[in-house]
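One letter stands for each residue in the lines below.
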Amino acid sequence: MAENNMVDKERYLDEIEDSIRTIGVLTSGGDAPGMNAAIRAVVRRALSKGLKVRGIRRGYHGLLKEEIIDLSARDVSDIIQRGGTVLQTARCKSMRTEEGQQKAAAICKKYGIDGLVVIGGDGSFAGAQKLANLGVNTIGVPGTIDLDIACTDYTIGFDTAVNTAMEAIDKVRDTSTSHERCSVIEVMGRDAGYLALWCGIANGAERILMPEEQDFDEKTLIEDIMENKKRGKKNYIIINAEGIGDSMNMAKRIEAATGIETRATILGHMQRGGSPTCKDRVYASVMGAMAVDLLCQGKTNRVVGYKDGEFVDYDIEEALAMKKTISEYQYNIAKSLAI
């Protein structure tokens, strides 16, 4: 009896896998180091299962323009170590409209794409959800340096971006110390402060400014700078999140109020580039392969995530409804270490 059940289960899984013959893959929104590792994993995992793979250039924009190519194992050779995305990416306002969504679903069907892997952030997942509702089997893979997707503890690109920023801030501190300056260093992260928090702790910053912080007072910040100067401190590093911004004007105000030479450094898009770290290569590879496996299991409208040490998947609607906050404990530690 048990053997019959096992045979039936294997036959059922084979039937599901047979229903997926061609998988499409695209990268959408901001690029992130490790996206190429995810693309490579999607392609090779699918090919190992006897499936065809089609790459879609320039995200949803390219899908609507039918910029669709066949991908072989050789096409994704020697890309795992490269930053950016070989499929390129773009923003697409048309995917926010019902007309654009229906057109995208029709194009997927036209090209025989039975399953679609979308590598990107929350906005990309919202588009994937619309396609799933229109009958396109869709799996999202979190790719964003901002670490702002609530359903996962890890997003592709964050580890590389935070290490890039950390190394740059170390260099700024060297020259800031030489000139006894105050430095306002702005990191990316859009409306999330995770890059700022991690860099603040890793670089031993005196102050971290994040959108999530409720009690930021520039007057108090200036008083603290003056107190540090009295104690003989040779530099003062402020990590400023992109969501706070205004770094140039902030530096001018600090200099005017303290008399201490103050410079602003905006790290900008350098944080998006560069060869991905080992973690970004490995985790992105696992997530890309898992997306293919989920499609072959007959799943759709799901997001791959990493939670509590395990790779998991969530319903896209559930994932988009989740809220993510900065760890108050980690932030308090950062403040205590900066005394």
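Shown above is the structure to which this text applies.
These figures come from a predicted structure and were not determined experimentally.

> Can you walk me through the overall build of the protein chain in this structure?
Along its length, the protein chain carries 12 helices and 11 strands. Overall, the C-alpha framework of the protein chain stretches about 80 × 50 × 35 Å when taken along its three principal axes. Out of the 339 residues belonging to the protein chain, those deemed buried represent 51%. Surface accessibility of the protein chain: about 15900 Å² in total, with carbon and sulfur atoms responsible for 48%. Of the side chains in the protein chain, 44 bear a positive and 49 a negative charge, and the two mean positions are spaced by 5 Å.

> Teacher, can you tell me more about the sheet that holds strand S11 (residues 310–315) here?
With mixed pairing, seven strands are arranged side by side in an open sheet as S3-S2-S1-S4-S5-S10-S11. The open sheet has two edge strands, strand S3 (68–70) and S11, and neither has a second partner. Ignoring strand direction, the axes of neighbouring strands in this sheet form an average angle of 25°. Bridge count for strand S2 (residues 52–56) against S3 is three bridges, and the pairing is antiparallel. Note on S3: the bridge partner recorded for Ile56 is Ile68.

> Got a minute to help me understand the side chain of Asp280 in this structure?
Within the secondary structure, Asp280 is located in helix H10 (residues 278–296). No salt bridge forms around the buried Asp280; measuring N to O, its nearest opposite-charge neighbour Lys279 is 7.4 Å away. A distance of 3.1 Å separates a polar side-chain atom of Asp280 from the backbone nitrogen of Gly157. Discounting residues that sit within four places of it in the chain, Asp280 has contacts with Pro33, Gly34, Tyr154, Thr155, Ile156, Gly157, Phe158, Asp159 and Thr160.

> It is not clear to me how a nonpolar patch on the surface should be interpreted in this structure. Could you clarify?
A grouping of Ile201, Tyr329, Ile333 and Leu337 is seen on the molecular surface, where their side chains present a nonpolar patch of about 420 Å² in accessible area. Here the nonpolar patch gets three residues from one element, more than from any other, and that element is helix H12 (residues 328–337). Looking at the element boundaries, Ile333 is found in helix H12.

Reading guide: rules and limits
- Residues numbered from 1 in each chain as written.
- Predicted model: local features only at pLDDT ≥ 70, side-chain atom pairs only at ≥ 80, totals over all residues.
- Heavy atoms only, no water.
- Helix = DSSP H or I, 4+ residues; strand = E, 2+ residues; numbered from the N terminus.
- Buried < 20%, exposed > 50% of the residue type's maximum accessible area, 1.4 Å probe, protein only.
- Areas by Shrake-Rupley, 256 points an atom, 1.4 Å probe, with all protein chains shown as cover.
- Lys, Arg positive; Asp, Glu negative; His and termini not counted.
- Charge placed at Lys NZ, Arg CZ, Asp CG, Glu CD.
- Pairing = 2+ DSSP bridges.
- Axes fitted to C-alpha atoms, helices over the stretch in contact; angles between N-to-C directions.
- Salt bridge = Lys/Arg side-chain N within 4 Å of Asp/Glu carboxyl O.
- Polar contact = N/O pair within 3.5 Å; in protein donor to acceptor, adjacent residues only side chain to side chain.
- Contact = heavy atoms within 4.5 Å.
- Patch = residues over 30% accessible without salt bridge, like charges linked within 9 Å, V, L, I, M, F, W, Y side chains within 5 Å.

Honestly, that's just the spatial picture; any functional story needs more than this.
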